[in-house]
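# Architecture and fold: a report
Here are the chains, one letter per residue:
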Amino acid sequence: MLEPEDSPIGDMRYRRRDYAVIHRALERLLNIVSHWNRVATSHGASRPPYEDEEEHLSNMVEWGERELSDEELLNITVKGMSTKSLRLQKAALLIAAFLAEKEARKKSKEMPPAVADSMLTHARAFAGEANKINYPAHPILEELRQVLGFGSSTHEWDVFISHASEDKDAIARPLANALGARGLKVWFDEATLTLGDSLRQSIDRGLARSQYGIVILSEAFFSKHWPQRELDGLDAREVNGVKVILPVWHSVDQATVARHSPTLAGRLAVSTSRGMAAVVEEILRALKQ
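Residues numbered from 1 in each chain as written. Predicted model: local features only at pLDDT ≥ 70, side-chain atom pairs only at ≥ 80, totals over all residues. Heavy atoms only, no water.

## Remarks on helix H2 (residues 51–69)
Its 19 residues place the ends of H2 27 Å apart at the C-alpha level, agreeing with the 27 Å of an ideal helix rising 1.5 Å per residue. Within H2, burial applies to Glu53, His56, Leu57, Met60, Val61, Gly64 and Leu68. Buried residues in H2, looked at end-on, bunch into an arc of 135°, giving them a common side. Exposed positions of H2 whose direction lies more than 90 degrees from the buried face are Glu55, Arg66 and Ser69. In this structure, the buried side of H2 is in contact with helix H1 (16–42), strand E2 (75–82), helix H3 (83–107) and helix H6 (140–148). (Helix = DSSP H or I, 4+ residues; strand = E, 2+ residues; numbered from the N terminus. Expected span 1.5 Å × (residues − 1). Buried < 20%, exposed > 50% of the residue type's maximum accessible area, 1.4 Å probe, protein only. Arc of directions from axis to C-beta. Contact = heavy atoms within 4.5 Å.)

What follows is the structure, given as structure tokens:
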């Protein structure tokens, strides 16, 4: 009888460019697993701890290389995909997304915003493919979390408030003060930045080290580059079903948000038309969940 993770799911069809993203993630995970197997055996282990995973990943990577080498293939079909293969795919994509974002943040400190944004493209691609998989990641993800620093608790702030400057007086500052009064650590530009700070470096640090991002969506927000860049940074962190973005609608309705971002319009949000107290309570409720 097959183990649950070896059970066949059926044929899976991918667009070539999507499978190329998955293939890069699988290659990266294979390299990581192979490295730790070598470390273990060099220190006297009678058997590599991830021998089965390395063999399975190696087969997946070799198969993918053969398929992708045929440049005429526009779609790639994996016949008889198993649960184990799909769960390894998800683990590989989540790890690749995390490492790509980490590398991009490190390299982008002294780059123009547009260039820094482009460096997050790979992280977003990996995260996007991971979110398509409705199965939990393979246990190898938990095995590697600590050594990779993936999912480690490095949060300096509970929430990051992303907003347009036009909304600072009416909503952003009052919200930051109200949340701070309820005991939350809030990254809010005028309260967190000090004289001489690099704006972009400080914002990148706030994005990376805040557990959640409150995004105040308004007409002014959608017209600005910086808030959109912050939103992209938060969106890249939303992998494996983890909620990071907490939308707050300010003087906009669902139709307005949908016109700018259909994805954001489909999220549960709280509107400032309900009053500041209601906004604060809904945010606190989301954090508790």
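## Quick look at the sheet that holds strand E6 (residues 245–249)
In spatial order, the strands read E4-E3-E5-E6-E7; together these 5 strands make up an open sheet with parallel pairing. Looking at which strands have only one partner, the edges of the open sheet turn out to be strand E4 (186–187) and strand E7 (270–271). Two elements, strand E3 (residues 157–162) and strand E5 (residues 210–217), share 5 bridges in a ladder whose sense is parallel. When the bridges of E5 are listed, Ile161 appears paired with Ile214. Sheet strands in contact with helix H7 (residues 168–181) are E3, E4 and E5, and its direction is about 145° off that of E5. Where helix H14 (residues 276–288) meets the sheet, its contacts fall on E3, E5, E6 and E7, and the angle it forms with E6 comes to roughly 165°. (Pairing = 2+ DSSP bridges. Axes fitted to C-alpha atoms, helices over the stretch in contact; angles between N-to-C directions.)

## Here's the deal with the packing of H7 against H14
Where H7 contacts H14, the two axes come as close as 10 Å, and the packing angle between them is 55°. The angle between the axes of H7 and H14 places the two elements in the oblique class. The two elements H7 and H14 cross, and the hand of that crossing is right-handed. Contacts from Ile171, Pro174, Leu175, Ala178 and Leu179 of H7 reach H14 at Met276, Val279, Val280 and Ile283. In the contact of H7 with H14, the residues fall into 9 nonpolar, no polar and no charged. (Parallel < 35°, antiparallel > 145°, perpendicular 65-115°, else oblique. Left-handed = near helix turned anticlockwise from the far one by under 90°. Nonpolar A, V, L, I, M, F, W, Y, C, P; charged D, E, K, R; others polar.)

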